[in-house]
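For reference, the chains in residue letters:
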Amino acid sequence: MAKRIVILGAGESGAGAAVLAKKLGFETFVSDMSLIKDKYKFMLNERGIEWEEGKHTEDLILNADEVIKSPGIPNDAPILLKIKNKDIPVISEIEFAGRYTKAKMICITGSNGKTTTTSLIYHIFKKAGLNVGLAGNIGNSLAFQVAECNYDYYVIELSSFQLDNMYDFHANIAVLMNITPDHLDRYEYKMQNYVDAKFRIIQNQTENDAFIFWNDDPIIQRELHKYGIHGHYYPFAEEKKNGTVAYLEERKIFFTEPIAFNMEQEELALTGKHNLFNSMAAGLSANLAGIKKECIREALNDFKGVEHRLEKVARVKGVEYINDSKATNVNSCWYALQSMTTKTVLILGGKDKGNDYNEISGLVKEKCSGLIFMGLHNEKLHDFFRNFGLPIVDVKSMKDAVDAAYNMAKDGETVLLSPCCASFDLFKSYEDRGDQFKECVKNL
């Protein structure tokens, strides 16, 4: 009898896992507590895959041989507790897909910078003419691509939620950008649980694999020795020290291994210190994959950037509007504020994930001329920022936020949407939030 695979959640990763499971001949069933988007219903119906929406029917789920869980579903969801009681294995879509491909895996995680770094690595690999897919948190799901395509390489952005349910998956090149508090609401508000999730990216590595990481991150430094790392270390940093293999010196980036080369910092397409590190991690990944240094230089020079990440929208009456909606945690906002060169009106707020705003307090005092709180519950923001002596406006919609910013910002200043929070109180997603911001700015 065919093994029964039940998939919880029918978004990009769940629908992709279902397509692969069905193709492999498994008995496949998809269950989603929410409504399933039409494009995914079509994908499932086209292949004759059974599904349900708006409920979890226990009789159709608790008879599974294995459950594939979408990363957005918390581990303490009632149906998952029942699945665990029956000792049914629960895995992620990435874990499932990894079993059925021999492609080389370049995997990127970190609290911040992972989308930019992932996109940058993919850009370099494509430019080099490699047969490469983009997966994980961006692009089509890995499972769908394993089912439908035949790539030699996958560049995969991995969130801590995806890493949580990965066990045998193996990253040939693992990239860890940084670790700062994020999603603590999903990790019992214990930082160590979140750190352990991030370090799962290096589990199963052998001496033939590579581990690329930011050498100046205090948490990475503190934790490195705990995990019995078998891959070869490739640390990068701002300065040359402690065996760093990529660093900055006299406004040049130096890469020393495996093929030594350098390039001028001003030739990088992306500006700001955090993007320097993103470029180093991407350059190292490409270098390790054997891509020629000329190609790496060219690709780091002509990369176009990521939507919703420090994205310049427009200049209106001498004021620059920047969409950084992807800043769903405090550390992302810190990077954004750090890169501001003018006084800034900051729009922040949303669904708080256990945020500590102390990290940005110095930059807010130094760089901000006003604050706009956009959320259903702004009490915590008021408690923290009320004594900063800055004008504050509360809003409940993006139009009101942009109108308030327009009234507050002076000629030569910047309006920055960098919310520090998840989008779910007022918006469908951070993309929806960023798109609404851009639309409202264009209507000014």
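The coordinates are above.
Let me begin by describing the structure that accompanies this report. (Residues numbered from 1 in each chain as written. Predicted model: local features only at pLDDT ≥ 70, side-chain atom pairs only at ≥ 80, totals over all residues. Heavy atoms only, no water.)

### A word on the pairing of strand E12 (residues 246-249)
Successive side chains on a regular strand alternate, one facing one side of the sheet and the next facing the other.
(1) Moving on: Bridge analysis of E12 against strand E13 (residues 252-255) gives 4 bridges, and the strand direction is antiparallel. When the bridges of E13 are listed, Leu-248 appears paired with Ile-253.
(2) Moving on: Where E12 folds back onto E13 in an antiparallel hairpin, the turn is made up of 2 residues, including Glu-250, whose phi is positive at roughly 50°. (Pairing = 2+ DSSP bridges. Helix = DSSP H or I, 4+ residues; strand = E, 2+ residues; numbered from the N terminus.)

### Some words on the packing of aromatic side chains
(1) Moving on: As enumerated under the stated definition, the model contains 19 aromatic pairs in all.
(2) Moving on: Plain terms: the ring middles of Phe-373 and Phe-385 are 6.2 Å apart, the flat faces sit at 45° to each other, and that makes the pair tilted. A residue pair is termed long-range when its members are at least 10 positions apart, and Phe-373 in strand E18 (residues 368-374) and Phe-385 in helix H15 (residues 379-385) qualify at 12 residues.
(3) Moving on: What makes Phe-373 buried here is its relative accessible area of 0%.
(4) Moving on: Judged by centre distance (5.8 Å) and plane angle (50°), the ring pair of Phe-384 and Phe-388 falls under tilted.
(5) Moving on: Judged by relative accessible area, Phe-388 falls into the buried class, the value being 19%.
(6) Moving on: Members of the aromatic cluster, each reached through a chain of ring pairs, are Tyr-357, Phe-373, Phe-384, Phe-385 and Phe-388. (Phe/Tyr/Trp six-rings, centres within 6.5 Å; stacked < 30°, edge-to-face > 60°. Buried < 20%, exposed > 50% of the residue type's maximum accessible area, 1.4 Å probe, protein only.)

### Some thoughts on the sheet that holds strand E20 (residues 414-417)
(1) Moving on: Pairing is mixed across the open sheet formed by 6 strands, whose spatial order is E15-E16-E20-E17-E18-E19. Where the open sheet ends on each side, the last strands, each with one partner, are strand E15 (311-316) and strand E19 (392-395). Pairs of neighbouring strands in the sheet enclose a mean axial angle of 20°, with direction left out of account.
(2) Moving on: With 4 bridges connecting them, E18 and E19 associate as parallel partners. Pairing of Leu-371 across the sheet is with Ile-392, part of E19.
(3) Moving on: On the sheet, helix H14 (residues 358-367) packs against strand E17 (344-348) and E18 and is oriented at approximately 125° with respect to E18. (Axes fitted to C-alpha atoms, helices over the stretch in contact; angles between N-to-C directions. Contact = heavy atoms within 4.5 Å.)

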